[in-house]
Every structure is written in structure tokens, then in C-alpha cells.
Amino acid sequence: MVTILLGDPAVQSYIVYSAVLGMKMFAVTFLTTKVRVSKKVFANEEDAKSAKGKVKFDDQDVERVRRAHLNDLENIPAFWVLGALYLTTGPSAFLATTLFRLFAAGRIIHTIVYAVTPLPQPARGLAFGVPMFINIYMGFKVIQTYASAL
Amino acid sequence: MVTILLGDPAVQSYIVYSAVLGMKMFAVTFLTTKVRVSKKVFANEEDAKSAKGKVKFDDQDVERVRRAHLNDLENIPAFWVLGALYLTTGPSAFLATTLFRLFAAGRIIHTIVYAVTPLPQPARGLAFGVPMFINIYMGFKVIQTYASAL
Amino acid sequence: MVTILLGDPAVQSYIVYSAVLGMKMFAVTFLTTKVRVSKKVFANEEDAKSAKGKVKFDDQDVERVRRAHLNDLENIPAFWVLGALYLTTGPSAFLATTLFRLFAAGRIIHTIVYAVTPLPQPARGLAFGVPMFINIYMGFKVIQTYASAL
């Protein structure tokens, strides 16, 4: 059984990269607003009116940023919980910090190749796949460690 | 380095407002069902059949509630993790509880002006912006505190 | 006031079912890809090109899996935080582990009846309702326990 200590390097790594990923998600929120304003395309009547734009739900640039955002929601909150639970399985500090770093790097690159500078595959596939693999690995280690509680 | 204690007023404030925000999100789920049933507009064939309604994906009232819900997903889980991590940076109890209260109040007002009683801007902008600013502030403090672990 | 100990059966139950639910969500991600590839229907131009398919946003099978996924996002992250906070209210190990088990079972069944083998109502309604009721119950207990911090 392991105690979570704030002085532990793996715990500090989890904390700082969790916050970095939150900030990255907020950047996508602001990017959505930027693209909406620059293309004058909005989801709500009152927003369109105040910005002298129009209501439109199929603008390709806006929808692309929104898909990147939704993909964040499908992966980052899972990291927040699985990363914390994974720390309770007693991983080596080196492995844990490497996984957290790779996860954060992958998701930042994912946002760039998806929503900022669209690149051909397999750029987005890799930037999606590495963090997904890390989430699955951590989930597997947690289930393995606590399997007797199932 | 700070220990998280359940008796700490800031920790208790985080816990109770995190639960309040969860309940608020569930209220939006029920609001979606209410609007769907009252307008007889559904996303699934079997739901439409059992309620003698139809399948429709562009009903403006339903979509408005769904946008409010998605906006919750983009902001509230981030609060759950950033709020907890922020507590480990040793904020004053007064500042922390004030931020948690303002965040919860902002998101509740956001739901009301977005999905219940549409109000002209800047009502929704403010109700969105204040919690977003709090999330960013907490994320910044966490990264600043643990920057050596990057 | 209660201390969270990793040796506590209710805590271990929370940990293992939280990981199970994360893995279940990832399964829906892979199911989306599987349905997209088998129907050759994609959201991005570059994906359609590399798989010799087309861009389409209203394929009924793909959208059904995506709705199941979004429904996960509306319920599972809330469980992750409310379940953890509920543990601090000192529930009996039997009640807590039963709620966690039922929540996980309900969400797994929900995915199956929504996205794998569409079943007539009330199958999906029950598989949605039981976990929702558990989330609300846990949220209520947390707010009740920490009401003085509101």
C-alpha cells in the first residue's frame, strides 16, 4: 500500500501536467471564440447579433476546432483520474513522470495538428494514439493492482 | 508543502461546491429531457416512437440546452481537478472559499441565462468569463508552485 | 471527519471501478473508429481521403455511438469526483461498494444497449437511470455532510 505525498516527484509531475492540460483545454476554448469571431459564425442568435455575424452550425473551421475540443473531453478528464489512481500503484518515479510528460506533449501536439495547423495523417493519429495508450496502460495497472476489490 | 485535511475550511468548501456543481449538471440533463418531451423531439428512433414524437437534430430549444450542457463539460471537470490541486498550493482559506463560491455561482447563472431564460449579452459572457478566469488563475498558481517538476 | 486510506475496501472499490469506467469509455472511442471505418464515413477530409471514404456528419450508426460517448462524458467524470467525495462522508463499506458496482454495471449496460445492440426502451432508460440516481444520491450525501461550508 502506498501513501500519496506531495513531496514525491511523481506526484508533483502529475499535479503540474494535470494543470498544464487544463490550461491547454482553455486555450481551445479561446481558439473557438477566435475562429467564430474571425469567420462571423455563431451558435446563438444573440451572439450573432452582437457581432454582426450569422448563426451557422456547419462552418468547417469552427467545427474542426470543436471536434478537437470534444476529443480533449474524451481523453483529458480520464487522465486526471487514472493518473492520480496510477500513483497509488507505486510506479517508479521515472516511469510515472515519463508517462505524464508524454501524455501532455501528445495532447498539446494533437491540438496543434487538429485545430491550428491541420497536418496529414499519421500526425494526428500518433498525437492521439500515444496519450490513449498511456491512459489504457495506467487503467490496466490500476485494475491489476486492485483486482481483488472488483 | 501542504497536507490536505478534511477539517480545513477551504477543503470543505471545495468538497461542497464540487458536489453542488455535479448536481447542477444533472439538472441540465433533466432539463434536456423536459424540453425534448415538451417539444416531442428526440435523438433516437426508439425514444421518438415511445413518446409519439419525431427524430430531429436541429430543434433550437433542445440544441440550446445541449450547448449549455457541453459548456459545462468544458469547464466543470477542469474545476474539479484544478480546485483540488490548487488546495495543495496553500492558498488562504478566505481566497480559496471565495473563488469556489464565485465559480459555482457563475456556472449556475450561466445555466440559467443560457438554457432557462435566454438573456442578452453580456449576461452569459460574464457568467462564463468569471468561472473561466478562476479556473485559469488556479491553473496558473498550480503550475507556478510545481514548476520545478515540469 | 474521516481519513481516506488506500487499504479501506470502499476506497479500493472506488479506485478499481473508476479505472473500469475509464477503460469502458476508451472502448467507445475504438467502437466509433470501427463503425467509421466499416461505413467509410469520417469527420475530417484527411481521414476520408486516407481511408477512401467520405466526409459525412449524419450517419445514423456513427452518430448513435457518438451520443453514447457524450452521455458517458455527462455522467462518468461526475462519478469520479462525487464517488471520491462521498468516501469522505464515512459511508458503510457495504453500501459504498454496492453503489460503485451498480454504477459501473449500469454504465456498461448503457453502452451495450445504446451503441452495440440497440434495445427498445426501457432498457436504455434503466441503464441510464440507476447510475444517475447513484450520482445524485452521492452528491446529496456530500452536500448534506458539508452543508455548513456552503
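Residues numbered from 1 in each chain as written. Chains lettered and ligands numbered in written order. Predicted model: local features only at pLDDT ≥ 70, side-chain atom pairs only at ≥ 80, totals over all residues. Heavy atoms only, no water.

**Looking at the overall build of chain A**
Helix and strand counts for chain A come out as five helices and two strands. Written out in order from the N terminus, the α and β elements of chain A read α-β-α-β-α-α-α. In summary, chain A has a C-alpha radius of gyration of 19 Å against a globular reference of 15 Å for 150 residues, an excess of more than 25%. Dimensions of chain A, computed from C-alpha atoms along their principal axes, come out at roughly 60 × 30 × 30 Å. Restricting to contacts in chain A with at least 6 residues of sequence separation, those with at least 24 account for 70%. Here chain A displays about 6400 Å² of accessible surface, and carbon together with sulfur accounts for 68% of that area. In chain A, the 16 positive side-chain charges and the 10 negative ones have mean positions that sit 5 Å from each other. (Helix = DSSP H or I, 4+ residues; strand = E, 2+ residues; numbered from the N terminus. Rg over C-alpha atoms; globule rule 2.2 N^0.38 Å. Contact = heavy atoms within 4.5 Å. Areas by Shrake-Rupley, 256 points an atom, 1.4 Å probe, with all protein chains shown as cover. Lys, Arg positive; Asp, Glu negative; His and termini not counted. Charge placed at Lys NZ, Arg CZ, Asp CG, Glu CD.)

**A look at the relation of the copies chain B and chain A**
Taken as rigid bodies, chain B and chain A are interconverted by a rotation of 120 degrees and an axial shift of 0.0 Å, the fit giving an RMSD of 0.0 Å. The symmetry that links the two subunits is that of a three-fold axis. Using C-alpha coordinates, one finds that chain B approaches the rotation axis most closely at proline 77 of chain B, a distance of 3.9 Å. Mapped onto chain A, only 7% of the interface residues of chain B again fall at the interface, so the copies present different surfaces. (Least-squares fit on C-alpha atoms with pLDDT ≥ 70 in both.)

**Observations regarding empty space enclosed by the protein**
Here the structure, examined in full by the defined rule, presents one cavity of 30 Å³ or more. By volume, the largest cavity is sized at about 40 Å³. Forming the walls of the largest cavity are Leu73 and Pro77 of chain A, Leu73 and Pro77 of chain B together with Leu73 and Pro77 of chain C. Secondary structure elements with two or more residues in the lining of the largest cavity: helix H3 (60–87) of chain A, helix H3 (60–87) of chain B together with helix H3 (60–87) of chain C. Split into classes, the residues belonging to the lining of the largest cavity amount to six nonpolar, no polar and no charged. (1 Å grid on protein atoms, 1.4 Å probe; cavity = no way out; pocket = protein on both sides within 12 Å on 5 of 7 lines; lining within 4 Å. Points joined across faces, edges and corners; volume = space filled by probe spheres on them. Nonpolar A, V, L, I, M, F, W, Y, C, P; charged D, E, K, R; others polar.)

**Observations regarding the environment of alanine 105 of chain A**
Residues and elements named next belong to chain A. In this structure, alanine 105 sits in helix H4 (residues 93–116). Judged by its relative accessible area of 34%, alanine 105 is partly exposed. Along the backbone, alanine 105 and leucine 95 are ten residues apart, and their C-alpha atoms lie at a distance of 15 Å. (Buried < 20%, exposed > 50% of the residue type's maximum accessible area, 1.4 Å probe, protein only.)

**Examining the interface of chain A and chain C**
In this complex, chain A contributes 31 residues to the contact, which on the side of chain C involves 27 residues. Together chain A and chain C conceal approximately 2500 Å² of surface at their shared face, both sides included; 73% is due to carbon and sulfur atoms. Taken together, the links from chain A to chain C amount to three salt bridges. Note that arginine 64 of chain A is salt-bridged to glutamate 46 of chain C, the shortest N-O span being 2.7 Å. (Buried area = accessible area lost by both parts, 1.4 Å probe. Salt bridge = Lys/Arg side-chain N within 4 Å of Asp/Glu carboxyl O.)

**Description of the side chain of threonine 29 of chain C**
When you line up the elements, threonine 29 of chain C lands in helix H1 (residues 9–39). With residues up to four places along the chain from it excluded, the contact list for threonine 29 of chain C reads Phe128 and Met132 of chain A together with His69 of chain C.

**Focus: the UniProt feature "transmembrane region" (unreviewed entry) in chain A**
In this structure's numbering, the residues bearing the UniProt feature "transmembrane region" (unreviewed entry) are residues 14–32 of chain A. Span residues 14–32 of chain A is 100% helix and 0% strand, its end C-alpha atoms 27 Å apart. (UniProt positions renumbered as here; feature names shortened; annotations may be inferred.)

**Here we look at the interface of chain B and chain A**
How large an interface is tends to be reported as the accessible area lost when its parts come together. The partner chain A presents 27 residues to the 30 residues of chain B that form the contact. Together, the buried faces of chain B and chain A total about 2500 Å²; carbon and sulfur atoms form 73% of this surface. Three residues stand out in chain B for area buried against chain A, namely Glu74, Tyr146 and Leu150 of chain B, and they jointly supply 20% of the buried area on that side. Inspection of the chain B/chain A interface yields three salt bridges. Summed over the shared surface of chain B and chain A, the result is eight residue pairs in polar contact (both at pLDDT 80 or more). Sorting the residues of the side of chain B that touches chain A by element identifies H3 and helix H5 (123–145) of chain B as the ones contributing at least two each. Top contributing element to the side of chain B that touches chain A by residue count: H3 of chain B, with eleven residues. (Polar contact = N/O pair within 3.5 Å; in protein donor to acceptor, adjacent residues only side chain to side chain.)

**Remarks on the environment of glutamate 46 of chain C**
Considering the arrangement of structural elements, one finds glutamate 46 of chain C in helix H2 (residues 45–50). Classification of glutamate 46 of chain C by relative accessible area gives buried; the value is 17%. If we skip the residues at most four places from it in the chain, glutamate 46 of chain C touches Arg64, Leu119, Gln121 and Arg124 of chain A. Of note is the side chain of glutamate 46 of chain C, whose polar atom sits 3.1 Å from the side chain of arginine 124 of chain A.

**Quick notes on the packing of aromatic side chains**
Residue and element names in this part refer to chain B. Per the counting criterion, the structure on display carries 18 aromatic pairs over all chains. Considering the side-chain rings of tyrosine 14 and phenylalanine 100, the 6.0 Å spacing of their centres and the 65 degrees angle between planes classify their relative orientation as edge-to-face. Highlighted residues: tyrosine 14 in helix H1 (residues 9–39) and phenylalanine 100 in helix H4 (residues 93–116), separated in sequence by 86 residues. The same class applies to tyrosine 14 as to phenylalanine 100, namely buried. (Phe/Tyr/Trp six-rings, centres within 6.5 Å; stacked < 30°, edge-to-face > 60°.)

**Points about unusual backbone geometry**
For lysine 52 of chain B, which is not glycine, the phi dihedral falls at a positive 55 degrees. Following the sequence through the fold, lysine 52 of chain B ends up in the loop between helix H2 (45–50) and strand S2 (54–55).

**Some details on H5 of chain B**
Helix length check: H5 of chain B, at 23 residues, gives a terminal C-alpha distance of 34 Å against a target of 33 Å (1.5 Å per residue), a fit within 8%. Lining the buried residues of H5 of chain B we find helix H1 (9–39) and helix H2 (45–50) of chain A together with H3 and H4 of chain B. (Expected span 1.5 Å × (residues − 1).)

**Here we look at the side chain of aspartate 72 of chain B**
Residues and elements named next belong to chain B. Its location among the elements puts aspartate 72 in helix H3. Taking relative accessible area as the criterion, aspartate 72 reaches 0% and is therefore assigned buried. Among all residues touching aspartate 72, those that are not within four sequence positions of it are Lys24, Met25, Val28, Pro77, Arg107 and Thr111.

**Here we look at the packing of H3 of chain C against helix H4 (residues 93–116) of chain C**
All names here are of chain C. Running from N to C, H3 and H4 cross one another at 175 degrees; their axes reach a closest spacing of 10 Å. Between H3 and H4, the interaxial angle falls into the category roughly antiparallel. Note on element contacts: H4 touches H3 through Leu95, Ala96, Leu99, Phe100, Phe103, Arg107, His110, Thr111, Val113, Tyr114 and Ala115, opposite Arg64, Val65, Arg67, Ala68, Asn71, Asp72, Asn75, Ile76, Phe79, Gly83, Tyr86 and Leu87. When its residues are assigned to classes, the contact of H3 with H4 shows 14 nonpolar, five polar and four charged. (Axes fitted to C-alpha atoms, helices over the stretch in contact; angles between N-to-C directions. Parallel < 35°, antiparallel > 145°, perpendicular 65-115°, else oblique.)

**A closer look at a nonpolar patch on the surface**
Together, Leu102, Leu126 and Val130 of chain A give the surface a local cluster of nonpolar side chains, amounting to about 250 Å² of exposed area. By the element assignment, leucine 102 of chain A lies in helix H4. (Patch = residues over 30% accessible without salt bridge, like charges linked within 9 Å, V, L, I, M, F, W, Y side chains within 5 Å.)

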